[in-house]
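A look at the structure
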Amino acid sequence: MISEKMKTYVAGSSAIRAMFEEGKKMAAIYGADHVYDFSLGNPNVPAPAEVKAAIIDILEKEDPVLVHGYMNNSGYEDVRGAIAAHLNSLYGTAYGVANILMTVGAAGGMNVFFKTILNPGDEVITFTPYFGEYRSYTANFDGKLVAVPVDADTFQPDPEALAAAITERTKIVIVNSPNNPTGVVYTRDKLAAVAEVLEKKQAELGTTIYLFSDEPYREIAYDGIEVPWIPSLYRNTIVGYSYSKSLSLPGERIGYLVLPSEIDDFADVTAGANVANRILGFVNAPSLMQRATARCLDAQTDVAFYDGNRKLLTETLREAGFTFVNPDGAFYLWLKSPVEDEKAFVAAAKAKQILFVQGSSFGCGGWVRIAYCVSRATVENALPGFKELAVEYGLGR
Ligand code: PLP
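Bear in mind the structure is a predicted one, so any value in this text is a computation, not a measurement.

Quick notes on the rules
- Residues numbered from 1 in each chain as written.
- Predicted model: local features only at pLDDT ≥ 70, side-chain atom pairs only at ≥ 80, totals over all residues.
- Heavy atoms only, no water.
- Helix = DSSP H or I, 4+ residues; strand = E, 2+ residues; numbered from the N terminus.
- Buried < 20%, exposed > 50% of the residue type's maximum accessible area, 1.4 Å probe, protein only.
- Contact = heavy atoms within 4.5 Å.
- Expected span 1.5 Å × (residues − 1).
- Arc of directions from axis to C-beta.
- Core = buried A, V, L, I, M, F, W, Y, C linked by side-chain atoms within 4.5 Å.
- Domains from an automatic or database assignment.
- Salt bridge = Lys/Arg side-chain N within 4 Å of Asp/Glu carboxyl O.
- Near = heavy atom within 4 Å.
- Polar contact = N/O pair within 3.5 Å; in protein donor to acceptor, adjacent residues only side chain to side chain.
- Pairing = 2+ DSSP bridges.
- Axes fitted to C-alpha atoms, helices over the stretch in contact; angles between N-to-C directions.
- Parallel < 35°, antiparallel > 145°, perpendicular 65-115°, else oblique.
- Left-handed = near helix turned anticlockwise from the far one by under 90°.

P178 follows S177 through a cis peptide bond whose omega is -10°. If you trace the backbone, P178 turns up in the loop between strand 5 (170-175) and helix 9 (188-205). Cis geometry marks the peptide bond from N180 to P181, where omega comes out at 20°. Tracing the sequence through the fold places P181 in the loop between strand 5 and helix 9. Notably, D142 is not glycine yet its phi reads approximately 60°, a positive angle. Here D142 is to be found in the loop between helix 7 (133-139) and strand 4 (144-149). For D142, a relative accessible area of 43% translates into the label partly exposed.

Structure (structure tokens):
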């Protein structure tokens, strides 16, 4: 018999994953070239050549006992030092080894931080729409996820709505920019307004509210748009970073937390996070990947490739009469369903072998998410189907 809690997780199991499985079944029936699967944020751009070169060089030249061994639960000191120095060069910060904790991807980092901070019943705020796994990560530690709507026109955070949602139980506010699922990059002004709300509320309630900046898409931004470094705007910020998207390594499960020395209870939080990494069963982040990514700090994924997909899709969808949020970052396009029940729209697209995910999976019905981290051919071959859908729904007249 599985636990009561697990029953609810299984029942609510990710619609994104379900769609991905569906895609595989359809590919077996129609052939992979005739299924246009925009369901999963699995990068199709290969990892930069530097990653393979680094792995080979490490395996050939470094001590295998060190490379494959246990280390400090927070990760190798030299790796954490290299990451700290890299961030310092980018953002003018003064981080050291103690401020970096290597994690099992962004998901691992969030679970480590949530385990460190949350007591049962504590509240975690997220802006809607949001990455659906935040629900599970919060429930893992018996926290309560509180969803706050964003500005309905811009999909930027709404500082007033945030202020109204904060209570004395609010421990963590999550921001995710560039955003999954909207592709929106939060502006410096909006983030400063969020920081101001949090400062005020902390003072008013006499509590600590940590801002958790979930940043797997940090480097995937277009047209030179600024992705602000949030710890410089709000003192109690923790950054959760991941190489899943920035280096196309989602299966390798590698990322890190930045825990700035200025945060409240820094010593307790870092000690707690170190233990959390161990007792959640991660023990430490994958050792070979720690060593490899530390050698690839300046490597970049092919953002121009995603940009090409973005341009193709947005041009066609705009011409066809669809309404969508112009994506500034990540590789997601947030499209308004032509009918209120977006599940019907998802089904209509599926009939044309086009797969994308219902907005309700992100806590925001009436919209759908198109993940365009797919081959150019997939985008090109799906365009006629999108045009047909527009005609069927009477758009663009
Ligand atoms: N946060 C967001 C917003 C994501 O989109 C994802 C993955 O898609 C994650 C966290 C988890 O990333 P990781 O694979 O690094 O655990």
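The residue Q156 is located in the loop between strand 4 and helix 8 (159-165) in this model. Here Q156 is in contact with V150, D151, V184, V185, Y186, T187 and K190, once residues within four sequence places are set aside.

In this model, helix 11 (residues 266-279) (14 residues) spans 20 Å end to end at C-alpha, consistent with the 20 Å of a helix rising 1.5 Å per residue. Taken as a whole, helix 11 has its buried residues at F266, V269, T270, A273, N274, A276 and N277. Summarising the axial view, the buried residues of helix 11 lie within an arc of 160°, below the 170-degree limit, and thus occupy one face. Across helix 11 from its buried face, at more than 90 degrees, point the exposed residues A267, D268 and I279.

Right, let's talk about the nonpolar core for a bit. In this structure, F38 and F356 are the most contacted members of the largest nonpolar core, which totals 41 residues. Where this core is concerned, the elements lending two or more residues are helix 2 (15-30), helix 13 (303-320), strand 10 (332-336), helix 14 (342-350), strand 11 (354-355), strand 13 (367-371) and helix 15 (376-392). Counting contributing residues, this core receives three or more from each of domain 1 (4-47 + 301-392) and domain 2 (49-294). Setting aside anything within four residues of it in sequence, one finds F38 in contact with I354, L355, F356, R369, I370, A371, Y372, V374, T378, V379, A382 and F386. The next biggest cluster of nonpolar side chains, apart from the first, holds 31 residues, and it includes I58, L87, L247 and A294.

Counted by the stated rule, this structure contains 23 salt bridges. Notably, a salt bridge pairs K24 with E21, separated by 3.5 Å at the nearest N-O pair. With K24 and E21 both in helix 2 and three residues apart, the pair spans about one turn of that helix. For E21, a relative accessible area of 40% gives the class partly exposed. Measuring nitrogen to oxygen at the nearest pair gives 2.6 Å for the salt bridge that ties D57 to K61.

This brings us to the site of the ligand. Neighbouring the ligand are 14 residues; N180, D214, Y217, S242 and R253 lie closest to it. N180 is positioned with one of its side-chain polar atoms (N or O) 2.7 Å from an oxygen atom of the ligand. Within the side chain of S242, a nitrogen or oxygen atom sits 2.6 Å from an oxygen atom of the ligand. Of all the secondary structure elements, the ones that give two or more residues to the shell around the ligand are helix 6 (105-117) and helix 10 (243-246). Ranked by the residues each element gives to the shell around the ligand, the list is headed by helix 6, at three residues.

Burial analysis of strand 13 places five of its five residues in the buried class, which makes it a mostly covered element. The side-chain alternation of strand 13 yields two buried faces, one formed by W367, R369 and A371 and the other by V368 and I370. Pairing of strand 10 with strand 13, which is carried by five bridges, proceeds in the antiparallel orientation. Pairing of Y332 across the sheet is with A371, part of strand 13. Pairing of strand 12 (residues 357-358) with strand 13 involves two bridges; the strand directions are antiparallel. Residue V357 lies in a different strand from strand 13, and its bridge partner there is R369.

Now for the packing of helix 6 against helix 11. Two elements in contact, helix 6 and helix 11, have axes separated by 8 Å at closest approach and are oriented at 120°. Here helix 11 runs oblique to helix 6, going by the angle between their axes. Pair helix 6 / helix 11 crosses with right-handed handedness. Counting all contacts with helix 6, which are made through V112, F113, K115, T116 and I117, the residues of helix 11 involved are V269, G272, A273, A276, N277 and I279.

Keep in mind these numbers describe shape, not what the thing actually does.
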